[in-house]
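Letter by letter, the chains look like this.
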Amino acid sequence: MSEQSGRESVLDFLAVPVVRLEEASGRVLFTNAAARALPFSLVPPTAVSDGEGAPLPPEQHPVTRAARGERLEGELFRWATPEGDHTFVVHSRVDRSRSPGVVTLTFQEVSPWRRAEEDLRRALGARDTFLSVASHELKSPITVLQLVLERLQRGARRETNLSGSQVAERLEPALRQVRRLGVLVQNLLDVSRARNNHFVLERERFELGTLVREVCERFTEQSRQAGSTLVVEDCPPVQVHWDRMRVEQALSNLVTNAIKYGAGGPISVCAGLQGGTVSLRVEDRGIGVADGDRERIFNPFERAASGHRVESLGLGLYIVREIARAHGGTVRVSGREGGGSSFTLCLPVEVTEVASE
Ligand SMILES: Nc1ncnc2c1ncn2[C@@H]1O[C@H](COP(=O)(O)OP(=O)(O)OP(=O)(O)O)[C@@H](O)[C@H]1O
Ligand SMILES: [Mg+2]
């Protein structure tokens, strides 16, 4: 075996694609197995972009530059394929012990790291937005609370004979704000619990219909104020073995969303039982969820662009998903014919131990 072919058979073992060219002419002398296994060609005329995806003219192709004798030191280039982009860090060296010289290029794929970096950046961005929204959300009930209490104090000083019912009436907005603060803080606590896998279930046996009707009754007034009617449809008589408080919380989050994003249209809640799994469905006729948002709205701090309100942290559906997971179940959203959205929470009647990830 010649020294040359011996070296090339070693290069065939490398997981990193390698291409060897004749200097100046750019004639390809050798491509190793990793380069040949790629579903596209690394060498011209295959078009290439820079690391940010801006198309490069043919003379800026890394292989052309290396053939001209330029030394590439870890520059990023991107090859587009119908299946997705591939980003490589390219290095080149010229061996001039022979004439013409031999250029060796290595292409180290970094696409998975780039994607991970983008995801991380996105998650950090979402967290920053969350922090500013969360502080705003926590601040506004406190401001209202302070105003209400100050007014009550002034009133008590001026009108010494305030009746009990007058005090109770003036305290109502303060209580509303305290409840809102309570929900916010509870959601924040739940998110940190879910993230640390500390979502422990306290299971009990109870009748499904009672829970569904109780939750919906609790929201009747709120949905009426939003112009919606909230109707409980079918509910099979079934004993379930779940964490009652958690499932109430999950259903409440779905109903709250239906009220918030339901555009004042009718909201229906129904339950079904099939093969040991209960499906709880909450449907509204509001703004709906775009196809592209149907996965990400279940991630923490994520809010779909449309229908965004300040009064929303993007935590509700994440908590629903974690509650579903802890019960060995799932939650998903689909479109409703005629507009709106349909959220389905599927939970096995009997929860077996669910291993935490
Ligand atoms: N029924 C729905 N119809 C249309 N869009 C919805 C519906 N439910 C949720 N969404 C979208 O999904 C996003 C995430 O919902 P999620 O319940 O997690 O957060 P939120 O309602 O924005 O805030 P939070 O529940 O923390 O107060 C919402 O911001 C909204 O854009
Ligand atoms: Mg919500």
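Residues numbered from 1 in each chain as written. Chains lettered and ligands numbered in written order. Predicted model: local features only at pLDDT ≥ 70, side-chain atom pairs only at ≥ 80, totals over all residues. Heavy atoms only, no water.

Participant: Just checking my understanding: could you explain the overall build of the chain for this structure?
Facilitator: Across its full length, the chain carries 8 helices and 13 strands. For 357 residues, the compact-globule formula gives about 21 Å, and the C-alpha radius of gyration of the chain, at 31 Å, lies well above that figure. Structurally, the chain occupies a C-alpha span of about 105 × 55 × 40 Å along its principal axes. In the chain, which comprises 357 residues, the share counted as buried stands at 41%. When the accessible surface of the chain is summed, it comes to about 19,900 Å², and 54% of that surface belongs to carbon and sulfur atoms. Once the 45 positive and 47 negative side-chain charges of the chain are each reduced to a mean point, those two points are 5 Å apart. (Helix = DSSP H or I, 4+ residues; strand = E, 2+ residues; numbered from the N terminus. Rg over C-alpha atoms; globule rule 2.2 N^0.38 Å. Buried < 20%, exposed > 50% of the residue type's maximum accessible area, 1.4 Å probe, protein only. Areas by Shrake-Rupley, 256 points an atom, 1.4 Å probe, with all protein chains shown as cover. Lys, Arg positive; Asp, Glu negative; His and termini not counted. Charge placed at Lys NZ, Arg CZ, Asp CG, Glu CD.)

Participant: Looking at this structure, I do not really get the pattern of salt bridges. What am I missing?
Facilitator: Opposite charge on two side chains permits pairing when their charged atoms draw close. As enumerated under the stated definition, the model contains 27 salt bridges in all. Across the pair Arg-20 and Glu-8 runs a salt bridge whose closest N-O atoms are separated by 3.8 Å. Taken together, the positions of Arg-20 in strand E1 (residues 18–22) and Glu-8 in helix H1 (residues 3–11) put the pair 12 residues apart, joining distant regions of the chain. By relative accessible area, which is 3% here, Arg-20 ends up buried. With a closest N to O distance of 3.5 Å, Asp-12 and Arg-36 form a salt bridge. Taken together, the positions of Asp-12 in the loop between H1 and E1 and Arg-36 in helix H2 (residues 33–36) put the pair 24 residues apart, joining distant regions of the chain. What makes Arg-36 partly exposed here is its relative accessible area of 49%. Here the residues in one salt-bridge network are Arg-65, Arg-68, Glu-70 and Glu-75, joined through shared partners. (Salt bridge = Lys/Arg side-chain N within 4 Å of Asp/Glu carboxyl O.)

Participant: Sorry, what's going on with the side chain of Asn-32 here?
Facilitator: Along the chain, Asn-32 turns up in the loop between strand E2 (28–31) and H2. For Asn-32, a relative accessible area of 0% gives the class buried. From its side chain, Asn-32 meets the backbone oxygen of Val-16 in a polar contact 2.9 Å long. Asn-32 has contacts with Leu-11, Asp-12, Leu-14, Val-16, Pro-17 and Val-18, leaving out every residue within four places of it along the chain. (Polar contact = N/O pair within 3.5 Å; in protein donor to acceptor, adjacent residues only side chain to side chain. Contact = heavy atoms within 4.5 Å.)

Participant: Can you help me understand the nonpolar core in this one?
Facilitator: Inside soluble globular proteins, nonpolar side chains tend to come together where they are buried. Counting 54 residues, the largest nonpolar core has Leu-208, Trp-242 and Leu-345 as the members making the most contacts within it. When we break this core down by domain, the ones giving at least three residues each are domain 2 (116–195) and domain 3 (204–348). Among the nonpolar cores identified, the runner-up in size contains 19 residues, and Ala-35, Val-63, Ala-66 and Trp-79 belong to it. (Core = buried A, V, L, I, M, F, W, Y, C linked by side-chain atoms within 4.5 Å. Domains from an automatic or database assignment.)

Participant: Can you help me understand the packing of aromatic side chains in this one?
Facilitator: The description of two aromatic rings rests on the distance between their centres and on the angle between their planes. Scanning all chains against the criterion turns up 6 aromatic pairs. Here Trp-79 and Phe-107 contribute two aromatic rings whose centre-to-centre distance is 5.9 Å and whose plane-to-plane angle is 75 degrees, an arrangement assigned as edge-to-face. Here Phe-107 lies in strand E6 (residues 102–109) and Trp-79 lies in strand E4 (residues 73–81), a separation of 28 residues in the sequence. By relative accessible area, which is 0% here, Trp-79 ends up buried. Geometrically, the ring pair formed by Phe-88 and Phe-107 is edge-to-face, given 6.2 Å between the ring centres and 90 degrees between the ring planes. Taken together, the residues span a long stretch of sequence, with Phe-88 in strand E5 (residues 84–95) and Phe-107 in strand E6 at a distance of 19 residues. The pair Phe-88 / Phe-107 is uniform in exposure class, with both members buried. One aromatic cluster in this structure is built from Phe-40, Trp-79, Phe-88 and Phe-107. (Phe/Tyr/Trp six-rings, centres within 6.5 Å; stacked < 30°, edge-to-face > 60°.)

Participant: Can you help me understand the packing of helix H5 (residues 164–195) against helix H8 (residues 316–326) in this one?
Facilitator: Angle between the axes and distance between the axes: these two values describe a pair of packed helices. Between H5 and H8, the shortest axis-to-axis distance is 10 Å and the interhelical angle comes to 45 degrees. In terms of orientation, H5 and H8 fall into the oblique class. As for the relative orientation of H5 and H8, their crossing is left-handed in sense. Each of Asn-187, Asp-190, Val-191, Ala-194 and Arg-195 in H5 lies in contact with H8, whose residues at this interface are Tyr-318, Ile-319 and Glu-322. Across the contact of H5 with H8, the residue classes tally to 4 nonpolar, 1 polar and 3 charged. (Axes fitted to C-alpha atoms, helices over the stretch in contact; angles between N-to-C directions. Parallel < 35°, antiparallel > 145°, perpendicular 65-115°, else oblique. Left-handed = near helix turned anticlockwise from the far one by under 90°. Nonpolar A, V, L, I, M, F, W, Y, C, P; charged D, E, K, R; others polar.)

Bear in mind that shape data such as this cannot, by itself, settle questions of function.
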